[in-house]
Protein chains: 4
Amino acid sequence: MERDITDRDHALFEAGIKLGALYHQFVGTPLNLETLEGLEKTIEKSISVQPYLEKIRITINRDMVREKLGRFGYCGLEGKMLEVHAEIVFGSAKAKVGLRYDEELDYPLMYIEEISQRR
Amino acid sequence: MERDITDRDHALFEAGIKLGALYHQFVGTPLNLETLEGLEKTIEKSISVQPYLEKIRITINRDMVREKLGRFGYCGLEGKMLEVHAEIVFGSAKAKVGLRYDEELDYPLMYIEEISQRR
Amino acid sequence: MERDITDRDHALFEAGIKLGALYHQFVGTPLNLETLEGLEKTIEKSISVQPYLEKIRITINRDMVREKLGRFGYCGLEGKMLEVHAEIVFGSAKAKVGLRYDEELDYPLMYIEEISQRR
Amino acid sequence: MERDITDRDHALFEAGIKLGALYHQFVGTPLNLETLEGLEKTIEKSISVQPYLEKIRITINRDMVREKLGRFGYCGLEGKMLEVHAEIVFGSAKAKVGLRYDEELDYPLMYIEEISQRR
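Note that this is a predicted model, so its numbers are computed, not measured.

Undergrad: How should the overall build of chain A be read in this particular structure?
TA: Helix and strand counts for chain A come out as 3 helices and 6 strands. Along chain A, helices and strands appear, N-terminal first, in the series α-β-α-β-α-β-β-β-β. Dimensions of chain A, computed from the C-alpha atoms along their principal axes, are close to 55 × 30 × 20 Å. A total of about 5,200 Å² of accessible surface is found on chain A, and carbon and sulfur atoms cover 44% of it. Across chain A, the 17 positively charged side chains and the 21 negatively charged ones have centroids separated by 4 Å.

Written out as structure tokens, the structure reads:
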């Protein structure tokens, strides 16, 4: 058993927390094409106030929103509309992670893109 | 039994929906004093895309946020931090409603302020 | 202008609050066919602790959940999966309201079913 | 730069996702002392439907809930009321993680308890 917890471990743990948090906080938020960009910025900023978050970029899929605007001209944010790229730094380790809609799986997939280590 | 549903009834029903929605959508959102104003605007806009909402003003209590900023410099949005004033119009009826923290009850109180009717 | 707020007004306002709240609190919750019934009960109970709620019945659409179970065997609760019937009593007034998926509008519709008044 | 992503990395990433998700999904849920236990079970089950989750135990702090029950006899779930222990298994790696209220920091702290590796 390895009990020693490294910077790399913490970076990945914190990266997961950020993605899980933003997904479940904001899914359901009413939006339309006019408010979409402001909502992207707000999600970015709201996650950026949390520790260890170095960079984040949120993109909400315009085409999916457009398709879902019904008679009332708005829809609720769905997980599959979200594309996220984030970088988390903990000590000497940096984790790049993301969330994207996987069409084949029909699933909003959270994934690790890259882990790097400062010497 | 009265089965006839009036514009006034609808205005109040819709007003309640908006307050319940915004409260449970956004409570928990991470924020600090820098992101507070953007979050206020985003909540306003997100509720404004829904039908029958004519006006809305969201204020997040700066003092409460300041007190809650801990070692990590942010906190989660709490219901008691929210002050809301909203006007809902349905047909000939307008409902003014609000949400404010009632200190005595220690409770985020949703209330009807006024109902008016166009002739 | 009518400023007098009646029991009927309050019943409808409270009814709207309950529907808006449950929708935005629980949309996004992970579920599968095994946990579906427990989630229905939990939503019912969580809204029942709030004032003025007399009855509530939540049904999550099994067919929609079944369709959405992907490779990972679960999905997130969507608004269109929800059917709700609720009765709110405020003083002498009772409001029966609901939420159902309107297929034609492709929209989770909140509606007033009936308002009655005790003499 | 290390680009190779290990089971251990995935286990920690997935562990973070689960904690972030449950926190932001359920904070705000209305509860009282009668519904508390059912809510604990529902949160456990809702997170257990997600991949890689092997064990989870949720405890909601009874004393904090009791203190917050106001005139209306219920309160909203707060992050500080939650204690979580979870085990995530990804391939050969197991991560034990938790969430507990840190009184000194006045902060709901998510932490890595232990990482182990099957040979």
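Now, onward.
Undergrad: Which parts of the structure should I look at to understand the relation of the copies chain A and chain B?
TA: Think of it as a corkscrew move, a rotation about one axis and a shift along it, taking one chain copy to the other. Overlaying chain A on chain B yields an RMSD of 0.0 Å, the required transformation being a rotation through 180° with an accompanying axial translation of 0.0 Å. Expressed as a symmetry operation, the mapping of one chain copy onto the other fits a two-fold axis.

Undergrad: Would you mind showing me how to read the interface of chain A and chain D here?
TA: Interfaces are frequently sized by the accessible area removed from exposure as the parts join. On the side of chain D, 32 residues touch chain A, which itself brings 32 residues to the contact. Both sides of the chain A and chain D interface together cover about 2,700 Å² of buried area, and 56% of this is carbon and sulfur. Counting across the interface, chain A meets chain D through 2 salt bridges. Ionic pairing is found between D9 of chain A and R8 of chain D, a salt bridge with its closest N-O pair at 2.5 Å. At the boundary of chain A and chain D, one finds 8 residue pairs in polar contact (both at pLDDT 80 or more). Going through the elements one at a time, α1 (7-26) and β6 (107-117) of chain A are the ones with two or more residues in the side of chain A that touches chain D. No other element matches the 13 residues that α1 of chain A contributes to the side of chain A that touches chain D. Of the residues contributing to the side of chain A that touches chain D, the split by class is 15 nonpolar, 9 polar and 8 charged.

Undergrad: For this particular structure, what's the right way to read unusual backbone geometry?
TA: Working note: non-glycine residues mostly have negative phi, and peptide bonds are mostly trans. Residues and elements named next belong to chain B. Of note, Y52 is a non-glycine position whose phi angle comes to about 80°, a positive value. Along the polypeptide, Y52 turns up in the loop between α2 (36-48) and β2 (53-60). With relative accessibility at 33%, the residue Y52 sits in the partly exposed group.

Undergrad: Hey, could you run me through empty space enclosed by the protein in this one?
TA: Over the atoms, a rolled probe matching the size of one water molecule traces out where space is still vacant. Under the criterion given, the structure shown has 3 cavities of 30 Å³ or more. A volume near 70 Å³ is recorded for the largest cavity. Lining the largest cavity, in full, are H24, Q25 and V27 of chain A, H24, Q25 and V27 of chain B, H24, Q25 and V27 of chain C together with H24, Q25 and V27 of chain D. Looking at the lining of the largest cavity, the elements with two or more residues in it are α1 of chain A, α1 (7-26) of chain B, α1 (7-26) of chain C together with α1 (7-26) of chain D. Looking at side-chain class alone, the lining of the largest cavity contains 4 nonpolar, 8 polar and no charged residues. Taken as a whole, the second largest cavity holds about 50 Å³ of empty space. When contributions to the lining of the second largest cavity are tallied by element, the ones reaching two or more residues are α2 (36-48) of chain A together with β1 (30-31) and α2 of chain B. A total of 3 residues in the lining of the second largest cavity trace back to one element, the largest contributor, which is α2 of chain A.

Undergrad: I tried to follow the interface of chain A and chain B on my own but got confused; where do I start?
TA: Between chain A and chain B, the residue contacts involve 20 residues of the former and 20 residues of the latter. Buried surface at the junction of chain A and chain B, summed over both partners, amounts to about 1,600 Å²; 64% is from carbon and sulfur atoms. When the buried surface of chain A facing chain B is broken down by residue, Q25, P30 and V49 of chain A rank first, second and third, together holding 35% of it. Taken together, the connections running from chain A to chain B amount to 0 salt bridges. Seen at the junction of chain A and chain B, the total is 7 residue pairs in polar contact (both at pLDDT 80 or more).

Undergrad: Honestly, α1 of chain C in this entry has me stumped. Any pointers?
TA: Compared with the 28 Å implied by 1.5 Å per residue over 20 residues, the 29 Å span of α1 of chain C between its first and last C-alpha is a close match. Within α1 of chain C, 18 of the 20 residues are buried, which leaves the element mostly enclosed by the surrounding structure.

Undergrad: Teacher, can you tell me more about the environment of S46 of chain B here?
TA: Locating S46 of chain B in the fold gives a position in helix α2. The spacing of S46 of chain B and R57 of chain B is 11 residues in sequence and 12 Å in space, taken between C-alpha atoms. Sequence-distant contacts of S46 of chain B, defined by excluding residues within four places in its chain, comprise T29 and P30 of chain A together with F26 of chain B.

Undergrad: Quick question: what am I supposed to make of the sheet that holds strand β6 (residues 107-117) of chain D here?
TA: Within a sheet, each strand pairs with its neighbour through backbone hydrogen bonds, oriented either parallel or antiparallel. All names here are of chain D. As summarised here, the arrangement of the 4 strands in space is β2-β4-β5-β6, forming an open sheet in which the pairing is antiparallel. Each end of this open sheet is capped by a strand with a single partner; those strands are β2 (53-60) and β6. Going from strand to strand, the sheet's axes swing by 10° on average, the running direction of each strand aside. In this fold α1 packs onto β2, β4 (82-90), β5 (93-102) and β6, with an angle of close to 150° to the strand it touches most, β4.

Undergrad: What am I meant to see in the environment of L109 of chain D here?
TA: Residue placement: L109 of chain D occurs in strand β6. Spatially, the C-alpha atoms of L109 of chain D and L99 of chain D are 5.4 Å apart, while their sequence positions differ by 10 residues. In this structure, L109 of chain D is in contact with F72 of chain B together with G98, L99, R100 and D102 of chain D, ignoring residues within four places of it in sequence.

Undergrad: What is the right way to look at the packing of aromatic side chains in this model?
TA: In this description, an aromatic ring pair is defined by two values, namely the gap between the centres and the angle between the planes. With the rule as written, the count across this model stands at 12 aromatic pairs over all chains. Ring plane angle 50° and centroid distance 4.8 Å describe the contact between Y52 of chain A and F90 of chain A, whose orientation is recorded as tilted. With a gap of 38 residues between them, Y52 of chain A in the loop between α2 and β2 (53-60) and F90 of chain A in strand β4 (residues 82-90) connect regions that are remote in the sequence. On the accessibility criterion, F90 of chain A (16% relative accessible area) is buried. Aromatic side chains F72 of chain A and Y107 of chain C sit 4.5 Å apart centroid to centroid with 45° between the ring planes, which places their arrangement in the tilted category. Separated into two different chains, F72 of chain A in the loop between α3 (62-68) and β3 (75-76) and Y107 of chain C in strand β6 (residues 107-117) make up a pair that spans both. Taking the relative accessible area as the measure of exposure, F72 of chain A reaches 26% and is therefore partly exposed.

Calculation notes
- Residues numbered from 1 in each chain as written.
- Chains lettered and ligands numbered in written order.
- Predicted model: local features only at pLDDT ≥ 70, side-chain atom pairs only at ≥ 80, totals over all residues.
- Heavy atoms only, no water.
- Helix = DSSP H or I, 4+ residues; strand = E, 2+ residues; numbered from the N terminus.
- Areas by Shrake-Rupley, 256 points an atom, 1.4 Å probe, with all protein chains shown as cover.
- Lys, Arg positive; Asp, Glu negative; His and termini not counted.
- Charge placed at Lys NZ, Arg CZ, Asp CG, Glu CD.
- Least-squares fit on C-alpha atoms with pLDDT ≥ 70 in both.
- Contact = heavy atoms within 4.5 Å.
- Buried area = accessible area lost by both parts, 1.4 Å probe.
- Salt bridge = Lys/Arg side-chain N within 4 Å of Asp/Glu carboxyl O.
- Polar contact = N/O pair within 3.5 Å; in protein donor to acceptor, adjacent residues only side chain to side chain.
- Nonpolar A, V, L, I, M, F, W, Y, C, P; charged D, E, K, R; others polar.
- Buried < 20%, exposed > 50% of the residue type's maximum accessible area, 1.4 Å probe, protein only.
- 1 Å grid on protein atoms, 1.4 Å probe; cavity = no way out; pocket = protein on both sides within 12 Å on 5 of 7 lines; lining within 4 Å.
- Points joined across faces, edges and corners; volume = space filled by probe spheres on them.
- Expected span 1.5 Å × (residues − 1).
- Pairing = 2+ DSSP bridges.
- Axes fitted to C-alpha atoms, helices over the stretch in contact; angles between N-to-C directions.
- Phe/Tyr/Trp six-rings, centres within 6.5 Å; stacked < 30°, edge-to-face > 60°.

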